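# Working through the structure, step by step
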Amino acid sequence: MVFSSNVFLFLFLPAFLVVYYLLPFRWRSGWILVGSYALYGWWRLDFLWLLVGVTLAAYVFALALGRAEGRRRFQILAVAVALNLGALGYFKYANFGVESFNAVVTSLGFAPFAWAPILLPIGLSFFIFHAISYLVDVYRREEPPTHNLLDFAAFIALFPHLIAGPVLKYNLLADQFRHRTHTLEGFSYGATRFMTGFAKKVLIADSIAPLVTAAFNQPNPTLADSWLGALAYTLQLYFDFSGYSDMAIGLAAMMGFKFPENFNHPYISRSITEFWRRWHMSLSSWLREYLYIGLGGNRKGRARTYLNLFLTMVLGGLWHGANWTFLLWGMWHGGLLATERRMKEAGLWRPSPAWLTIPGTMLLVILGWVMFRADNVADAFGMYRGMVGLNGAGLSDTLAWQVRPSELVTMLVAAVLVYVAPVWGERVGDVGSRLLRPRLAVAATTALLPLFVLAILKLSAQSYTPFLYFQF
């Protein structure tokens, strides 16, 4: 069950919220757990045991960490993290490993290894990361082990962030499970935020999706085909994932929780370093805190710092999926981050105007998204050949008939929202008008309602379109 589905909107969410607000506060963690398990089990009931197992294991190992001293603590942490990574590796990377192995042995003339493909449980990467961050925090003595299994299980399973993040630390929500306020203002904010994300997902991301699929399926894309597809995917991914994040933050707010922001206008970044401070901020923070620093961060010299940056992004790329495309995408960003840091330390990085740095950064980001989106490396390089005009310049006949004017208009609207909205917002803020801001807020809310209704109508008419980050 996904947020952008009729069964969630008209059955699950209203029923959940009615019972949630009828219950006294001390029973609400239990209801959150029941609702979250029901939502997860709606997809595959047999995989619910994995979510429960990861939760219980993290809870028990954390208690053991709290009682242990000295080297024993590290041994417990190592076993706990190894079990989590083992589960992640089996379900997420076993198919990739066997397929790669079989490709090698068959090329050498040997019979492939017989293997039944393993289904990837949705949300696995996210709840494994939640469990690992909690265990590491307890090991570092930054967070005491909780004795409240109900609150901890409700945190791991909390449905707004269970399937596709944001990636959260337990200490961010631990106090909120013990005490949080529920106000009409907070609920209204959450509902507005949810509707905003829903409209971004259904009206923009889903509207562009057919064009993206058609462009990336072209066997020999031209220059126009490739750039149209790459630009469309750049917009689709942002509005799909940031739309999901808006919905998650909104749902949490409707229950009285406060989630951190996950996006901050990433496409106006002036460098790749800034881009990763604005894109999927919860994952960037997790990678920096638990991987980059764990590898030594910048404490072991310049060369090791560049290597740690590179390795962090490579592993971050692999986290997104078991495919060579994700590995190369991670290498691309890791290399760019290391290069930028080297240039700054060498004094070669000079402040440049936005009209130069923003397009330059976007070019690097778009080139990376092509590899990220392609089904395989060969298809990605097919797109790159098209982007430099090796397959011709004009729009191909095989793509032209599939491009609808509504998709182009949606792309234009999306681009305006990406680049004009933040600048306009800053200008309004600079004006500092106490009268203008409330009026704008009312106008935005008034405009949002018909868009939300339109999105529901569109959702009812279209086929199933899951969020792009569900596959990770």
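Predicted model, so just to flag it, every value in this text is computed and none were measured.

Cut-off values and rules
Residues numbered from 1 in each chain as written. Predicted model: local features only at pLDDT ≥ 70, side-chain atom pairs only at ≥ 80, totals over all residues. Heavy atoms only, no water. Helix = DSSP H or I, 4+ residues; strand = E, 2+ residues; numbered from the N terminus. Rg over C-alpha atoms; globule rule 2.2 N^0.38 Å. Areas by Shrake-Rupley, 256 points an atom, 1.4 Å probe, with all protein chains shown as cover. Domains from an automatic or database assignment. Contact = heavy atoms within 4.5 Å. Buried area = accessible area lost by both parts, 1.4 Å probe. Salt bridge = Lys/Arg side-chain N within 4 Å of Asp/Glu carboxyl O. Core = buried A, V, L, I, M, F, W, Y, C linked by side-chain atoms within 4.5 Å. Buried < 20%, exposed > 50% of the residue type's maximum accessible area, 1.4 Å probe, protein only. Polar contact = N/O pair within 3.5 Å; in protein donor to acceptor, adjacent residues only side chain to side chain. UniProt positions renumbered as here; feature names shortened; annotations may be inferred. Patch = residues over 30% accessible without salt bridge, like charges linked within 9 Å, V, L, I, M, F, W, Y side chains within 5 Å. Phe/Tyr/Trp six-rings, centres within 6.5 Å; stacked < 30°, edge-to-face > 60°. Lys NZ or Arg CZ within 6 Å of the ring centre and 35° of its normal.

On a plain count of helices and strands, the protein chain comes out with 19 helices and zero strands. Expected size for 472 residues packed as a compact globule is a radius of gyration near 23 Å; at 23 Å, the protein chain falls within 12% of this value. Here the C-alpha coordinates of the protein chain stretch approximately 65 × 65 × 50 Å along the principal axes. As displayed, the protein chain has an accessible area near 22,000 Å², and 67% of this comes from carbon and sulfur atoms.

Split by domain assignment, the protein chain resolves into domain 1 (26-180) and domain 2 (186-270 + 352-470). Taken together, the contacts link 17 residues of domain 1 with 14 residues of domain 2. A per-residue breakdown of the area domain 1 buries against domain 2 is headed by Pro160, Ala164 and Pro166, which together make up 36% of the total. Seen at the junction of domain 1 and domain 2, the total is zero salt bridges.

Below, the discussion takes up the nonpolar core. Counting residues in hydrophobic clusters, the biggest one holds 135 residues, and the most contacted among them are Phe127 and Trp369. Counting the residues that make up this core, at least three belong to each of domain 1 (26-180) and domain 2 (186-270 + 352-470). If we ignore the near neighbours within four places in the chain, the residues touching phenylalanine 127 are Tyr40, Leu50, Leu51, Val54, Ile122, Ile156 and Leu162.

So, on to the side chain of glutamate 289. With respect to the secondary-structure elements, glutamate 289 resides in helix H12 (residues 281-292). Here the side chain of glutamate 289 touches lysine 169 through a polar contact of 2.7 Å, side chain to side chain. Sequence-distant contacts of glutamate 289, defined by excluding residues within four places in its chain, comprise Asp137, Arg140, Glu142, Lys169 and Gly294.

On to the UniProt feature "transmembrane region" (unreviewed entry) in the protein chain, then. Per the UniProt record, the feature "transmembrane region" (unreviewed entry) sits at residues 7-27, 47-65, 74-93, 113-136, 309-332, 352-372, 409-428 and 440-461. Here residues 7-27 is 76% helix and 0% strand, with 25 Å between the C-alpha atoms at its ends.

Attention shifts here to helix H8 (residues 170-178). Within the span of H8, buried status applies to Tyr170, Leu173, Ala174, Gln176 and Phe177. Contacts from the buried residues of H8 go to helix H2 (28-43), helix H5 (124-139) and helix H6 (149-157).

Located in the positive-phi region is arginine 141, a residue other than glycine, with phi close to 60 degrees. On the secondary structure map, arginine 141 appears in the loop between H5 and H6. Positive phi, normally seen in glycine, also occurs at histidine 280, with a value near 45 degrees. Inspection of the secondary structure assignment puts histidine 280 in the loop between helix H11 (272-278) and H12.

Residues Leu412, Val416, Tyr419, Val420 and Trp424 make up a contiguous nonpolar surface patch of roughly 500 Å² in combined accessible area. Residue position: tyrosine 419 is located in helix H18 (residues 405-431). On the basis of relative accessibility, which here comes to 32%, the residue tyrosine 419 falls in the partly exposed class.

Applying the stated criterion to the full structure yields 47 aromatic pairs. A ring pair is formed by phenylalanine 113 and tryptophan 115, whose centres lie 6.3 Å apart and whose planes are at 35 degrees; its orientation type is tilted. Judged by its relative accessible area of 47%, phenylalanine 113 is partly exposed. Ring plane angle 40 degrees and centroid distance 6.3 Å describe the contact between tyrosine 238 and tryptophan 279, whose orientation is recorded as tilted. Of this pair, tyrosine 238 sits in helix H10 (residues 223-254) while tryptophan 279 is found in the loop between H11 and H12, placing the two residues 41 residues apart along the sequence. For tryptophan 279, a relative accessible area of 0% gives the class buried. Each member of the aromatic cluster is reached from another via a ring pair, and the members are Tyr238, Phe239, Phe241, Phe263, Tyr267, Phe275, Trp276, Trp279, Phe326, Trp329, Trp369 and Phe372. Here arginine 28 stacks its cationic end above the ring of tyrosine 20, 4.9 Å away from the centre of that ring. Its guanidinium or amino end placed over the ring of phenylalanine 216, arginine 373 lies 4.9 Å from that ring's centre, counting from NZ or CZ.

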